[in-house]
Each structure stands twice: as C-alpha cells, then as structure tokens.
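Given next are the chains, with one letter for each unit.
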Amino acid sequence: MPADAPLARLRRAALTVAAAACCVLGAAASAATAPADPALAPTVAVNPALEADTMELAHKLRCLVCQNQSIAESNAPLALDLRDQVREQLAAGKSKDEVVDYLVERYGDFVLYEPPFKAVTVLLWLGPAALLFGGAAWLAFRLRRRREEVAAEQHLSDADRARARALLDGAAGAEQPESPESRS
Amino acid sequence: MKAKFLVPLLLFFGLVGFLAFGLTLDPREVPSPLIDKPAPQFSLARLDQPAQSFSLKEMQGQVWMLNVWASWCVACRQEHPLLVQMAKQKIVPVVGLNYKEVRGDGAINARGMALEAETAMAIERARRWLTDHGDPYVLSVLDIDGRVGIDFGVYGVPETFLIDQNGRIRYKHIGPITPEALKDVLIPKIEELRRAS
C-alpha cells in the first residue's frame, strides 16, 4: 500500500512518542498500572538476540499482501504468520539462508527485497550502470567530435586566407557605410 | 540525419509503450514458484469427519483442484456459485482448503484461544457456511493455523490450484474464479492434463 506507507511511518512515530510517554508515566505510577493485554501484543521471542535476528531478516522480506512493506513493518495477518515462521525456524537452529530459501520456495523471489543476481535479473542489476557508463561514453565521444569539428572549422588553408583577405579588402573599399551623422 | 529532432519523440513513445504494457500487468498477481512442482504434502483433518485426515495420496491418479476458501472471505462468496455449478456439471473434483477459518477473521480475536475450541468453532462456522451457500467440494480440510496455506504459497483467499494425476501443481488461479477464466483457461488446461495421461 504505497499511499499508506508515509501514514504508517507517521503512525509509528506517534506510537513511539506515545510509548515513551507511557514509559515515563508508567515509571511514575509504577505498580499501579495494569499489565498490557497479552492478546493484543504481537508475538516476540523471549531471547532478545533471536528476536533481533528475526526482525533483521523480516526487514529483508517483502509482505505479499501489502507489497511495499516488509513483513517486519506490516501488520497483515500473513506478515504476522510469516514472522512467526521466521522466528520459529531460527529458534529451531536453521540458518538465515535456510529460512530465506524456505520462503522463496513458496512465494518466489518476490519475497526478497534484494532480488538475486541471475539471468532474468541481469538487466535490473547491470542496467543502471550500463546506462550510466554508456551515457558517459556517448558524451565523451560527442565532445571529442565537437572539438574536432571546431578545430576543423578554425583551420583555414592558404587559399581560404587569401580569399578572406580579398573579401575584407574589397568590402573595406566599396561598402564602407557612411555614418548617420554625415547625412544630416 | 534530418529527422534527428524525432529522436526524443520516438524515445517518448518507446517509454509510453513500456508504461502501457505495465498497466496491463497486475502486481498483486505474484507468480508461484510451485508451478510444475510436486504439491506440498500435508495431512489435515476433514471438515465432514474431523477424526479423519486427508492427504494428497487420496487424489492420486486424477486431475483435481484445491480451492482455498474461508467463510470470512468476501471474494469467495463471489466465486462460490461458479464452484457449485462446476460441481453440478462434474467438471473436475474440487477439494476445499478451509484457510484460517477462525483466526483469519478480523472480527474475532483468536489469540489465546485453545486449539480445540478454535477447531470446534471453525468446524461449526465452515459447515454452516457450506449449508448456506452450497457445498461444491468433494471434501474440505481444515487448515486452522494457515501452515499448509504457507506451504502452498497462499497469500490471499481465494486461490485455486490445479493439480495433475501425479500430484504436481500445474496452474494457480489467484483471486475468485470468473466464468471467463474457467472457460478460457481452467477447462482447457484440465482437458489438456487429462489427455496427457
């Protein structure tokens, strides 16, 4: 949901502020505050390192429902399911590559925010560089040719010089305009 | 090189051509990597007899379809009459994969619900829905947590998989089946697969 992305960011920022405020208030009120409803909180691994790994990987995986968000950012039910899958498989000792392969097997390269380098993606990976260097080469070629053209134009043969001299001398004699003042 | 001034115009038309082609593509239709691959194995409880399970083996040797559905899925309602009609005409056996019947419904908070209670609720809801709208399925199975759905690469409901005699997925239809898609794509593919055997 491209249109929602800035909105979501805004909402997240607002939530962060709200969460910070809650922390301050919570510290003040200490034990008086009720615990958060566990049914509403998203699942989180107990082990912080595992959770960090999960979220790191989740940020690289695209949510298939809201296609411009990663499964870490999206709250679509499928994104939650896939996040749970990632967490569960990492907890079971699978490597990050294995987890990524698991998802690619099911959903294709589309789940990867960074597309793999292969025959069909050559243009995608090398296209911009090819365009840049191709453009630079073309520009260099044009500039050199322009310089040659200008140089060629500036180069006059002896015959050209003699003709130019003759024209200038002739013009000086025959077509000297009178100054406007002299007429009055 | 008189027509040099036409170059930007031609480039522009080239770009328009690409963009126009882009408009005909649907980014929501993510091609499945499972096409022509063996369908993922699973064993799930049947909706009609929850004590019994169903697995792919039972459909071995015939061309069939796996239709992902749920009672909370609005688009399923749209395609359902067509499935009922297909069942009446005996076009192809269709197995229903009831996907996250309870926890998929945004109106229900299924977090913290015991699995037995959730299963019972799913059975009750799914059966009621099939009674109300007609049951076009040979049988339906219950994918309570959506795991089998993930194995099939399901990212939205409804989705329909066409599976051949050897248990390979041959085609995936994303979204509700339309009469056009049935006539122009699915039926020809089904006939082709049947001939191939």
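Here the structure is a predicted model, which is why all the values come from computation and not from measurement.

Rules of the game
- Here the residue index of a chain counts from 1 through its sequence in written order.
- Written order decides the labels, with chains lettered from A and ligands numbered from 1.
- Note on the predicted model: pLDDT of at least 70 is required for a residue's local features to be given, and 80 or more for side-chain atom pairs to be given and counted; whole-chain, interface and lining totals, by contrast, use all residues.
- Note that water and hydrogens are dropped before the side-chain values are worked out from all heavy atoms of the structure.
- Strands are labelled as partners when DSSP assigns at least two bridges between them.
- Numbered from the N terminus, helices here are DSSP runs of H or I no shorter than four residues, and strands are runs of E no shorter than two.
- For every element, the axis is a line fit to its C-alpha atoms; helices are fit only across the contacting stretch, and the angle between N-to-C directions ranges from 0 to 180 degrees.
- Whether two residues touch is decided by their heavy atoms; if any such pair falls within 4.5 Å, the residues are in contact.
- Buried area adds together the accessible area that both of two parts lose upon being put together, with accessible area traced by a 1.4 Å probe.
- Criterion for a salt bridge: a side-chain nitrogen of Lys or Arg within 4 Å of a carboxyl oxygen of Asp or Glu.
- Any pair of N or O atoms that falls within 3.5 Å is considered a polar contact. Within protein, one atom must be able to donate a hydrogen and the other to accept it, and sequence-neighbouring residues count only if both atoms are side-chain atoms.
- As used here, the term nonpolar core means buried Ala, Val, Leu, Ile, Met, Phe, Trp, Tyr and Cys residues forming a set that is joined through side-chain atoms within 4.5 Å.
- Categorising residues by exposure relies on relative accessible area from a 1.4 Å probe, with only protein chains included: less than 20% of the type maximum marks a residue as buried, more than 50% marks it as exposed, and the intermediate range marks it as partly exposed.

Residues and elements named next belong to chain B. Spatial ordering of the open sheet is given by β5-β4-β3-β6-β7, a layout of five strands whose pairing is mixed. One side of each edge strand has no neighbouring strand; the edge strands of this open sheet are β5 (139-143) and β7 (169-174). Each adjacent strand pair in this sheet contributes to an overall mean axis angle of 20°, direction not counted. Pairing analysis gives five bridges linking strand β6 (residues 159-163) to β7, with the strands arranged antiparallel. Looking at β7, one finds that Phe 161 is bridged to Lys 172. Relative to β7, helix α5 (residues 179-196) is tilted by about 170°, and along the sheet it contacts β3 (64-69), β6 and β7.

So, on to the interface of chain A and chain B. At the junction of the two partners, chain A supplies 23 residues and chain B supplies 19 residues. Carbon and sulfur atoms make up 45% of the surface buried where chain A meets chain B, a total of about 1,700 Å² over both sides. The largest contributions to the chain A side of the interface with chain B come from Gln 67, Arg 106 and Tyr 107 of chain A, which together make up 30% of the buried area. Summed over the shared surface of chain A and chain B, the result is three salt bridges. On the surface where chain A and chain B come into contact, there are six residue pairs in polar contact (both at pLDDT 80 or more). Every element with two or more residues in the side of chain A that touches chain B is listed here: α3 (77-91) and α4 (96-107) of chain A.

Attention shifts here to the nonpolar core. Counting 79 residues, the largest nonpolar core has Tyr 107 of chain A together with Phe 152 of chain B as the members making the most contacts within it. Of all the elements, α4 of chain A adds the most residues to this core, at six residues. If sequence neighbours within four positions are ignored, Tyr 107 of chain A has contacts with Leu 64, Leu 78 and Leu 82 of chain A together with Val 30, Pro 31, Pro 33, Gly 149, Ile 150, Gly 153, Val 154 and Tyr 155 of chain B.

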